[in-house]
Amino acid sequence: MSSTAISTKDISELRTRTGAGIGDCKNALQEASGDMEKAAEILRKKGIAKAEKRAGRVAAQGVVAIDIAADGKAGAMIELNCETDFVARTEGFQALAQDVLKHVAAHAPEGAGTGADLEGQPFQGQGGRTLGEVVKEISGKTGEAVTLSRWARFATGNGVVASYRHHNGMVGVLVEVDGATGEAATTLAKDVALHVASADPLAVRAEDIPSDMVERERRIAEEQVAQEGKPENIRGKIVEGKVKKFLAERSLLEQPFVREESKTVGQLVKEVPGASVRRFARFKVGEA
């Protein structure tokens, strides 16, 4: 791909994702023929880029909205997107977010998914129209693309569901704690939600991190060790050490707790008898 085919937008996005310089980002995109994922990996292998927190493309604006049931046994969260902060702050957009949130809390299956999973569902009180049609209608009114990016709904019979939402509505977390109820369990779930918002783990446990992510980190570590000229007989051990460090840094239970870094989140959880973190969802506006 010629240099003129690399847009400033792509360079800016790669810089945001990796922290690398403009020239390095441009060169990596050219080497990767414009492929954003390959370019990010090239920068990582060369030791130029910082570790990415997320691999998703940066989208526009919007809001994360959360609802927790009065008994603390269920919770729902959505990310509704638009193109500008101006529209995101309008009364109509905010009202739609709350309506969609209520729909997810009442009608979405347990788990998490994208807006496409729910867009065909009838939307209560809208004369037979679907959720997708109602969302598209506000697009016509605002002149901007409005989409339900993703949703999550957790419910528990022997635990609690709690949340954290940043004051600007751009980051939200839903956490389910099993095996314990009452004030201590609720406090734990809220503390874990706050931690997840700040530390951005990939999974509850190391073994839950997707294998393709682990293999990518292994490839990067192998390339880095080779470039450093390490002796062949110790390269494997160094690579495994780097992979192990990655797993520890991105696994919720192994991360130092943000409010008290002398203990891990796993140790914090053990302070509540019987409690375990079953799952979490973390949404940041514009992040896949």
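Right above here is the structure, for reference.
Not measured: the values here are computed from a predicted model.

Conventions we followed
Residues numbered from 1 in each chain as written. Predicted model: local features only at pLDDT ≥ 70, side-chain atom pairs only at ≥ 80, totals over all residues. Heavy atoms only, no water. Helix = DSSP H or I, 4+ residues; strand = E, 2+ residues; numbered from the N terminus. Expected span 1.5 Å × (residues − 1). Buried < 20%, exposed > 50% of the residue type's maximum accessible area, 1.4 Å probe, protein only. Arc of directions from axis to C-beta. Contact = heavy atoms within 4.5 Å. Pairing = 2+ DSSP bridges. Axes fitted to C-alpha atoms, helices over the stretch in contact; angles between N-to-C directions. Parallel < 35°, antiparallel > 145°, perpendicular 65-115°, else oblique. Nonpolar A, V, L, I, M, F, W, Y, C, P; charged D, E, K, R; others polar. Salt bridge = Lys/Arg side-chain N within 4 Å of Asp/Glu carboxyl O. Lys, Arg positive; Asp, Glu negative; His and termini not counted. Polar contact = N/O pair within 3.5 Å; in protein donor to acceptor, adjacent residues only side chain to side chain.

Trainee: Mind showing me how you'd approach helix 9 (residues 232–250) here?
Mentor: Since the α-helix advances by 3.6 residues per turn, residues separated by three or four positions end up pointing in the same direction. For helix 9, spanning 19 residues, the distance from its first C-alpha to its last is 28 Å, which sits close to the expected 27 Å at 1.5 Å a residue. Every buried residue belonging to helix 9 is among Val239, Val243, Phe246, Leu247 and Arg250, and all of these are buried. Across the axial projection of helix 9, the buried residues extend over an arc of 100°, all falling on one side. Turned more than 90 degrees away from the buried face of helix 9, the exposed residues are Asn233, Lys237, Lys244 and Lys245. In this structure, the buried side of helix 9 is in contact with helix 8 (211–227).

Trainee: Any chance you could explain the sheet that holds strand 5 (residues 159–165) here in plain terms?
Mentor: Strand pairing in a sheet takes place through backbone hydrogen bonds and is either antiparallel or parallel in direction. Taken in spatial order, the three strands of this open sheet run 5-6-9, and their pairing is antiparallel. The sheet is open, and its two edges are formed by strand 5 and strand 9 (276–284), each paired on a single side. Averaged over neighbouring strand pairs, the angle between their axes works out to 10° when direction is ignored. Against the sheet, helix 7 (residues 182–199) engages strand 5, strand 6 (171–178) and strand 9, with an angle of about 40° to strand 5.

Trainee: Before we go on, may I ask you to explain the packing of helix 3 (residues 36–45) against helix 8 in this structure?
Mentor: Any two packed helices are characterised by how steeply their axes cross, that is the angle between the axes, and by the distance between the axes. Contact pair helix 3 / helix 8: the axes reach a minimum separation of 8 Å and the direction vectors enclose 40°. Considering their axes alone, helix 3 and helix 8 lie oblique with respect to each other. Facing helix 3, whose interface residues are Glu41, Arg44 and Lys45, helix 8 presents Arg216, Glu217, Arg219, Ile220, Glu223, Gln224 and Gln227. Along the lines of polarity and charge, the residues of the contact of helix 3 with helix 8 split into one nonpolar, two polar and seven charged.

Trainee: Quick question: what am I supposed to make of the pattern of salt bridges here?
Mentor: Should their charged atoms come close, side chains of opposite charge can pair. Applying the stated criterion to the full structure yields 22 salt bridges. Residue Glu176 is joined to Arg278 by a salt bridge in which the shortest nitrogen-to-oxygen separation is 3.2 Å. Residue Glu176 is located in strand 6, and its partner Arg278 is located in strand 9; the two are separated by 102 residues in the primary sequence. For Glu176, a relative accessible area of 1% puts it in the buried group. Taking relative accessible area as the criterion, Arg278 reaches 44% and is therefore assigned partly exposed. Counted as one network, the salt bridges with shared partners bring together Glu110, Glu176, Arg278 and Arg279.

Trainee: Looking at this model, I keep getting lost on the environment of Val175. Mind explaining?
Mentor: By secondary structure assignment, the location of Val175 is in strand 6. Setting aside residues up to four positions removed in sequence, Val175 forms contacts with Phe154, Val160, Val161, Ala162, Ala189, Val192, Ala193, Val277, Arg279 and Phe280.

Trainee: Help me understand the side chain of Asp178 in this model?
Mentor: You can see Asp178 is positioned in strand 6. Although buried, Asp178 forms no salt bridge, and the nearest oppositely charged side chain, Arg278, lies 4.2 Å from it. A polar atom in the side chain of Asp178 sits 3.1 Å from the side chain of Thr156. Filtering out sequence-adjacent residues up to four positions away, Asp178 remains in contact with Thr156, Asn158, Gly159, Gly274, Ala275, Ser276 and Arg278.

Trainee: Explain unusual backbone geometry here, please?
Mentor: For residues that are not glycine, phi is negative in most cases, and the peptide bond is trans in most cases. A positive phi angle, close to 55°, is found at Ser33, a residue other than glycine. Within the secondary structure layout, Ser33 lies in the loop between helix 2 (22–31) and helix 3. Located in the positive-phi region is Asp200, a residue other than glycine, with phi close to 55°. Mapped onto the elements, Asp200 comes out in the loop between helix 7 and helix 8.

Trainee: Would you mind going over the pairing of strand 5 with me for this structure?
Mentor: Consecutive side chains of a regular strand alternate in pointing toward one face of the sheet and then the other. Inspection of the sheet shows strand 5 paired to strand 6 by seven bridges, in the antiparallel sense. Bridge pairing in strand 6 links Arg165 to Gly172. Between the antiparallel neighbours strand 5 and strand 6 lie five residues, among them Gly169 with a positive phi of about 75°.

Trainee: Can you help me understand the sheet that holds strand 1 (residues 61–68) in this one?
Mentor: Judged by pairing direction, the sheet is antiparallel, and its four strands sit side by side in the order 1-2-4-3 without closing on themselves. Looking at which strands have only one partner, the edges of the open sheet turn out to be strand 1 and strand 3 (111–114). Pairwise comparison of adjacent strand axes, ignoring direction, gives a mean angle of 10° for this sheet. Inspection of the sheet shows strand 3 paired to strand 4 (residues 147–155) by four bridges, in the antiparallel sense. Note on strand 4: the bridge partner recorded for Thr114 is Arg150.

Trainee: Sorry if this is basic, but what is going on with the environment of Ala65 here?
Mentor: By the secondary structure assignment, Ala65 is in strand 1. The spacing of Ala65 and Leu174 is 109 residues in sequence and 11 Å in space, taken between C-alpha atoms. Apart from residues no more than four positions distant in its own chain, Ala65 is found in contact with Ala76, Met77, Ile78, Gln98, Leu101 and Arg165.

This is a description of form; function is not addressed.
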